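Reading the structure
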Amino acid sequence: MRYRQLFSYASRLRTLGNEIILAGLRRHGVVGIVPSHGDILHILLHDGSCTMSELARRIGRTRSTVTALVRKLEQAGYVQQLTDTSDGRGRRVLLTPQGRALQPVFAQISADLAALVSRRLTDDEAAQLERLLAKCLQSPDADEAPQPSPAAAHTTSPTQRRVSMSNYRTAHIDLQASRTELHDLLQLTGCEVSCNTLPKGASIPFVHAHKHNEELYIILDGAGTLFVDGQEMPISKGDCIRIDPAGMRCLCASPEQALHYLCIQTKAGSLEGYTMTDGLMPADAAKPSWL
Ligand code: ZN
């Protein structure tokens, strides 16, 4: 079989990762959690809460599998389920205080998992491997048939069409979802952009800083409070905030309104040219039908 080793290596890497997770959990005396719960807890520790259907989409499991995993976590006392107030239909999963207490354990396990990779690969190699594996898991049609955009609809020449397709990638996201990360969806190479919704009254359940990335928060709708380095400030639609890597940050939505925001992570100090100093306008470039 062609590429047999690829499947074997990917599976052995996953086994190694699971062993690290189990060893970490044992070391901290955490019971009732297996690696398949890890993805769910990871999302909840980062986002505070998530709907069942969103959890299923983000961890790539069926809804019934996620329901079973969440039920197990609920029995062990780590999560609770509430009726989702934003649409009144779905179930929203939240961490209990016992679940939130797992934050340092997960941070340690994440560091152990990262060390498995960083002891063997450079940052660039690891990023490339991640991109390639993500590409293997993408729908094979993603490249040939991206979501039609208004621009693509106007494109008529087959040559022009093929050239432009290799130079872009599209995704369509639910702007109301609790969190959507664009890095993998679009295979971004210079930034990570997440689109987030905190339900009214909800908070990110931890304070965090970054190693290298500055973050730009753009508040799209709603209101809430931003905490940075001991200071709390009100935020609302239209506010844009840059936070340096070292800033210890946390966000919460106001009790009255959900908070919708974009978070753009870029390596601090990495930007060279931009707009006029990076833009090119070759005179012989193909033009859209409306120019
Ligand atoms: Zn962050």
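Check the entry above for the structure.
Let me begin by describing the structure that accompanies this report. The structure presented is a predicted model; accordingly, all values stated were derived computationally and were not measured. (Residues numbered from 1 in each chain as written. Predicted model: local features only at pLDDT ≥ 70, side-chain atom pairs only at ≥ 80, totals over all residues.)

**With respect to the pairing of strand 7 (residues 223–228)**
Looking along a regular strand, one sees the side chains alternate between the two faces of the sheet. Here strand 7 pairs with strand 8 (residues 231–236) via six bridges, running antiparallel. Its bridge partner being in strand 8, Gly-224 is matched across the sheet by Ile-235. Taking the residues that link successive antiparallel strands as the turn, the strand 7-strand 8 hairpin has two residues, and the phi of Asp-229 there is positive, at about 50°. Here strand 7 runs beside strand 10 (residues 249–253); their pairing, made up of five bridges, is antiparallel. Bridged to Thr-225 within strand 10 is Cys-252. (Pairing = 2+ DSSP bridges. Helix = DSSP H or I, 4+ residues; strand = E, 2+ residues; numbered from the N terminus.)

**As for the sheet that holds strand 8**
Across the sheet, three strands lie side by side as 8-7-10; this open sheet has antiparallel pairing. What marks the edges here is a single partner per strand, and that holds for strand 8 and strand 10. Shown here is a sheet whose adjacent strand axes are inclined to one another by a mean of 25°, direction ignored. (Axes fitted to C-alpha atoms, helices over the stretch in contact; angles between N-to-C directions.)

**What to know about the sheet that holds strand 2 (residues 79–83)**
Pairing is antiparallel in the open sheet, where three strands are placed in the order 1-3-2. The sheet is open, and its two borders are formed by strand 1 (49–51) and strand 2, each paired with just one other strand. Strand-to-strand, the axes of this sheet are offset by a mean angle of 25°, without reference to chain direction. Sheet topology places strand 2 next to strand 3 (residues 91–95); five bridges connect them, and they run antiparallel. Residue Leu-82 lies in a different strand from strand 3, and its bridge partner there is Arg-92. Contacting strand 1 and strand 3, helix 3 (residues 52–59) runs over the sheet at an angle of about 90° to strand 1. Against the sheet, helix 4 (residues 63–75) engages strand 2 and strand 3, with an angle of about 120° to strand 2. (Contact = placed C-beta atoms within 7 Å.)

**Structural notes on helix 1 (residues 4–27)**
Since one α-helical turn is 3.6 residues long, residues separated by three or four positions face the same way. Taking 1.5 Å per residue as the helical rise, helix 1 with its 24 residues ought to reach 34 Å, and the 35 Å between its terminal C-alpha atoms agrees with that figure. With two of 24 residues buried, helix 1 is to be regarded as a mostly surface element. Residue Gly-29 follows helix 1 closely and has a positive phi angle near 65°. (Expected span 1.5 Å × (residues − 1). Buried ≥ 20, exposed ≤ 12 C-beta atoms within 10 Å, placed from the backbone.)

**Focus on the packing of helix 2 (residues 35–47) against helix 4**
Packed helices, taken two at a time, are described by their axes: the angle between them and the distance between them. Contact pair helix 2 / helix 4: the axes reach a minimum separation of 10 Å and the direction vectors enclose 85°. One finds that helix 2 runs roughly perpendicular with respect to helix 4. Touching Ser-36, His-37 and Ile-40 of helix 2 are Leu-69, Val-70, Lys-72 and Leu-73, all from helix 4. Here the contact of helix 2 with helix 4 is built from residues that sort into four nonpolar, two polar and one charged. (Parallel < 35°, antiparallel > 145°, perpendicular 65-115°, else oblique. Nonpolar A, V, L, I, M, F, W, Y, C, P; charged D, E, K, R; others polar.)

**Things to note about the environment of Ser-110**
Relative to the elements of secondary structure, Ser-110 occurs in helix 6 (residues 103–118). Owing to 16 C-beta atoms within 10 Å, Ser-110 belongs among the partly exposed residues under this scheme. C-alpha of Ser-110 to C-alpha of Ile-21: the two residues are 89 residues apart in sequence and 8.4 Å apart in space.

**Thoughts on the nonpolar core**
The nonpolar side chains of a soluble globular protein tend to be buried, and buried together. Counting 21 residues, the largest nonpolar core has Ile-40, Leu-41, Leu-44, Val-70 and Val-79 as its most contacted members. At the level of secondary structure, the elements contributing two or more residues to this core comprise helix 1, helix 2, helix 3, helix 4, strand 3 and helix 6. The residues contacting Leu-41, other than those within four sequence positions of it, are Tyr-78, Gly-99, Leu-102 and Phe-106. Listed in part, the eleven residues of the second largest apolar core include Leu-198, Leu-251, Ala-258 and Tyr-261. (Core = buried A, V, L, I, M, F, W, Y, C linked by C-beta atoms within 7 Å.)

These figures capture arrangement, not role.
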